[in-house]
Amino acid sequence: MTHKYTNALIDETSPYLLQHAHNPVNWEAWHPEVLARAKDENKPILISIGYAACHWCHVMEDECFEDDEVAKLMNENFINIKIDREERPDVDQIYMDALQMMTGNGGWPLNIIALPDGRPFWGATYLPKEDWLKSLNQLTKLFKENPDKIIEYASDLERGIQSINLVENKTDASQYTLEEINHSVENWSSYFDTYLGGYKSAPKFMMPNNLDFLLHYATSQDDKEVLEYVNTTLTRMAYGGVFDQVGGGFSRYSVDTKWHVPHFEKMLYDNGQLISLYSKAYAATKNPLYKAITEKTIAFAQEELSDKSGGYYSSLDADSLNEAGELQEGAYYVWSKEELIRLLKSDFEIFKDYFNINSYGEWEENYVLIRDKSDFEIAEKHEVSIDELNEKITNSLSILKETRQDRTKPRLDDKILTSWNGLMLKGLVDAYRYLQNDNYLKLALNNASFIEQEMIRSSGGLYRNHKNGQSNINGFLEDYASTIEAFIGLYEVTFDMKWLNHAKELTDYALTHFNDDISGMLFFTSDKDESLIRRTLETNDNVVSGSNSIMANNLLKLHKVFSNEGYGKRAHQMLKNIQVNFTENGQSFSNWMHLALFENLNFYEIAVVGDDYKNIGKEILSHYIPNSILVGSQKEGDIDLLKSRYNEGETLVYVCIEGTCKLPVTSASQAINQL
């Protein structure tokens, strides 16, 4: 196919950047030489940030960036840079903070106009063509006629961007108490939607780290109300349209309060975390729904997001071609009533009640499948057994899935990101751990081997990205954090020291190259990366846990195994620096709050030594024990917890706290009782 225009993005590997490679805009990627040229030519920089699955990014491309009039204005007056926020979260963080300071709002596409040195002075999200042209004309005029005013504003904004990134090193803070944790959860619970799950607002995001902590809290404190809220949320999410009832896997969020109509893109980071969460919830409750959701989500990831190398792709787009050949959000996923009647024939009536082919499930004259009744209620109404109901529903969904294969699939973002693969690896490890399906361990080991072979640099650090055999971006702290966490988990289910050693080596690398001497926290970028307006300290837990909170949890667990490295002291100080936020804003620091619980309750080191160590270890791991780490070996091991523990002819289990152990026992059930 011949194209009228081709710009510098044609040399990039990011699918999002390649989508813009034939725009008439002279786009370039974020490279030092491009930034240097902006200074040489004294031109403002127009920075447009988005990602491949972003609906409004596509709309703005269609209306503005593919338009010759717009391109002419942009090319004559700006150095135009396109950024994939998933490849360069470091740049995205800074300019998103700038946009929120300027406008009070955020989102993508994120469009920033900056001085030639990169300091921002104007920003907006999606704008239609006329508004975009008007803004660019005004900014061009202002830059030429009154540059001093712009420089002054940009300097003030730069100071603001830096000031909101400060963390104090609170060496004199006292330990956050269990009473304070209870108070935090009490404040937090005022936002709970106890009927529909999630929070009392729309849109509704799944927030796996929030639910993960609340599950941990509820089980450790025997808080039945919080546990009921977690179960309500997990069930409603699983019943909702936000979960793809036909093909498995979760969309990013629902636009309504009942988890019905999703923003249809599917992201690896959501699905990896939710596999982990539903696996843990199954272990804690034995609810078969949670097991089924875990299995279906893994099946989706294998079918739609897995690369033959063992890595996992980033996302599926929200938009796909409808019958008229136009890009439409959700076109791949929705159904008309007539279509369902034709496809399902005599089973339509039972399917209609099961998935609300009625006013409750209707969306824009089509239907997004949503449940609101249990299998028992539907079976009773239609006078069939549960087994017969499940057979009919399974058969109906298979027919729909086969039919859907003939539709145009959503676009795939097939770049592979280290941090998101770490989240997926952790999900697979937890699925194996709690569901005891050996196939999930095989998938986990394939993914871990991919990370080991392709994403770990010869120098010891990590790459961020991988596409077509290429990796060219330095890893960020989130890449280290999620990979280390996954490798620790993989060690626990395999007892292969290779994974624990990788975790330790990557941790030591991160502590050397991401360290902030002043705050005691870790920067998002390494000391080997090009300097930006600031080195970000990521502390909040959002849709994905913050890189510092994951690292702090990693450090605590590694301290239990490598007690002489100072990891525990570092984790404790990081927690003290952040805990002032917990009482009033627990939901934004939920992953940190695991540490507060660990410090107030016993955290167990469990060591299994002897010929039957793998079987006993596997049985212990099937129990939900978030406040523990498991180590094991057949005979004497390399780490302190495994030394002098071997007794010939026996397999012994030692339950320890900070290296002090109870009397050894000989079975998993006895060890569980000691907890």
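Refer to the structure above for everything that follows.
No experiment lies behind these values; they were computed from the predicted model shown. (Residues numbered from 1 in each chain as written. Predicted model: local features only at pLDDT ≥ 70, side-chain atom pairs only at ≥ 80, totals over all residues. Heavy atoms only, no water.)

Asks: Looking at this model, I keep getting lost on the overall build of the protein chain. Mind explaining?
Replies: In terms of helices and strands, the protein chain carries 26 helices and 20 strands. Counting all 675 residues of the protein chain, 61% fall into the buried class. When the accessible surface of the protein chain is summed, it comes to about 27200 Å², and 46% of that surface belongs to carbon and sulfur atoms. (Helix = DSSP H or I, 4+ residues; strand = E, 2+ residues; numbered from the N terminus. Buried < 20%, exposed > 50% of the residue type's maximum accessible area, 1.4 Å probe, protein only. Areas by Shrake-Rupley, 256 points an atom, 1.4 Å probe, with all protein chains shown as cover.)

Asks: Help me understand the packing of helix α9 (residues 208-221) against helix α10 (residues 224-239) in this model?
Replies: The angle between the axes and the distance between the axes are what describe a pair of packed helices. One can describe the packing of α9 onto α10 by two numbers: an axis separation of 8 Å at closest approach and a directional angle of 145°. When you trace α9 past α10, the crossing you get is left-handed. Each of L211, L214, L215, Y217 and A218 in α9 lies in contact with α10, whose residues at this interface are V226, L227, Y229, V230, T233, L234 and M237. Its residues assigned to classes, the contact of α9 with α10 comprises 11 nonpolar, one polar and no charged. (Axes fitted to C-alpha atoms, helices over the stretch in contact; angles between N-to-C directions. Left-handed = near helix turned anticlockwise from the far one by under 90°. Contact = heavy atoms within 4.5 Å. Nonpolar A, V, L, I, M, F, W, Y, C, P; charged D, E, K, R; others polar.)

Asks: So what exactly am I meant to see when it comes to the environment of Y176 here?
Replies: Mapped onto the secondary structure, Y176 falls in the loop between α7 (147-163) and α8 (178-188). By relative accessible area, Y176 is classed as buried at 4%. In sequence terms Y176 and M101 are 75 residues apart; their C-alpha atoms lie 31 Å from each other. The contact partners of Y176, leaving out residues within four places of it in the chain, are I181, S184, Q579, F582, T583, A596 and N600. At a separation of 3.3 Å, a polar atom in the side chain of Y176 contacts the main-chain carbonyl oxygen of E180. Within polar-contact distance, the side chain of Y176 engages the side chain of T583 at 2.7 Å. (Polar contact = N/O pair within 3.5 Å; in protein donor to acceptor, adjacent residues only side chain to side chain.)

Asks: Explain unusual backbone geometry here, please?
Replies: A negative phi holds for most residues other than glycine; trans holds for most peptide bonds. For the bond running from W108 to P109, omega is 5°, close enough to zero to count as cis. With respect to the element layout, P109 can be found in the loop between α5 (89-103) and β3 (110-114). Across the junction of A202 and P203, the peptide omega takes the value 0°, indicating a cis bond. A positive phi angle is found at N42, which is not glycine, with a value near 50°. By the secondary structure assignment, N42 is in the loop between α2 (32-41) and β1 (45-50).

Asks: What's the story with the packing of aromatic side chains in this structure? I'm lost.
Replies: Any two aromatic rings considered together are summarised by their centre-to-centre distance and by the angle between their planes. On inspection of all chains with the given rule, the structure shows 30 aromatic pairs. A ring pair is formed by Y51 and W108, whose centres lie 6.1 Å apart and whose planes are at 80°; its orientation type is edge-to-face. Taken as a pair, Y51 in the loop between β1 and α3 (55-65) and W108 in the loop between α5 and β3 lie far apart in primary sequence, 57 residues in all. Seen in terms of ring centroids, Y278 and Y290 are 5.7 Å apart; in terms of plane orientation they differ by 70°. Their pairing is edge-to-face. With Y278 in helix α11 (residues 268-285) and Y290 in helix α12 (residues 288-305), the pair connects residues that are 12 residues apart, well separated along the chain. Among the residues examined, Y290 registers a relative accessible area of 0% and is labelled buried. It is R85 that lies over the ring of Y51; its NZ or CZ is 5.8 Å from the centre. In this arrangement the basic side chain of K266 is found over the ring face of F300, its NZ or CZ atom lying 4.2 Å from the centre. (Phe/Tyr/Trp six-rings, centres within 6.5 Å; stacked < 30°, edge-to-face > 60°. Lys NZ or Arg CZ within 6 Å of the ring centre and 35° of its normal.)

Asks: Looking at this structure, how should I read the layout of surface pockets?
Replies: To locate leftover empty space, one rolls a probe as large as a water molecule over the atoms. Roughly 600 Å³ of volume is contained in the second largest pocket. Residue lining of the second largest pocket: 27 residues in total, with A292, K296, I393, T394 and L397 positioned closest to the centre. Among the secondary structure elements, those contributing two or more residues to the lining of the second largest pocket are α10, α12, α15 (375-382) and α16 (386-404). Residue composition of the lining of the second largest pocket, by class: 14 nonpolar, eight polar and five charged. (1 Å grid on protein atoms, 1.4 Å probe; cavity = no way out; pocket = protein on both sides within 12 Å on 5 of 7 lines; lining within 4 Å. Points joined across faces, edges and corners; volume = space filled by probe spheres on them.)

Asks: Whenever I open this one, the sheet that holds strand β9 (residues 315-316) confuses me. Can you help?
Replies: In any sheet, the strands associate via hydrogen bonds between backbone groups, in a parallel or an antiparallel arrangement. Ordered by their spatial adjacency, three strands build an open sheet running β8-β9-β14, and the pairing between neighbours is antiparallel. Taken across any chain shown, the strands that pair with only one partner, and hence form the sheet edges, are β8 (266-267) and β14 (412-413). Relative to β14, β9 is paired through two bridges, and the arrangement is antiparallel. Looking at β14, one finds that S315 is bridged to D413. (Pairing = 2+ DSSP bridges.)

Asks: Help me understand empty space enclosed by the protein in this model?
Replies: Throughout the structure, instances matching the rule amount to five cavities of 30 Å³ or more. Counted as a void, the largest cavity has a volume near 520 Å³. Looking at the largest cavity, it is lined by 28 residues, and the ones nearest its centre are D212, S276, K280, K426 and E485. Those elements that place two or more of their residues in the lining of the largest cavity are α9, α11, α17 (418-435), α19 (477-494), α21 (547-561) and α24 (590-600).

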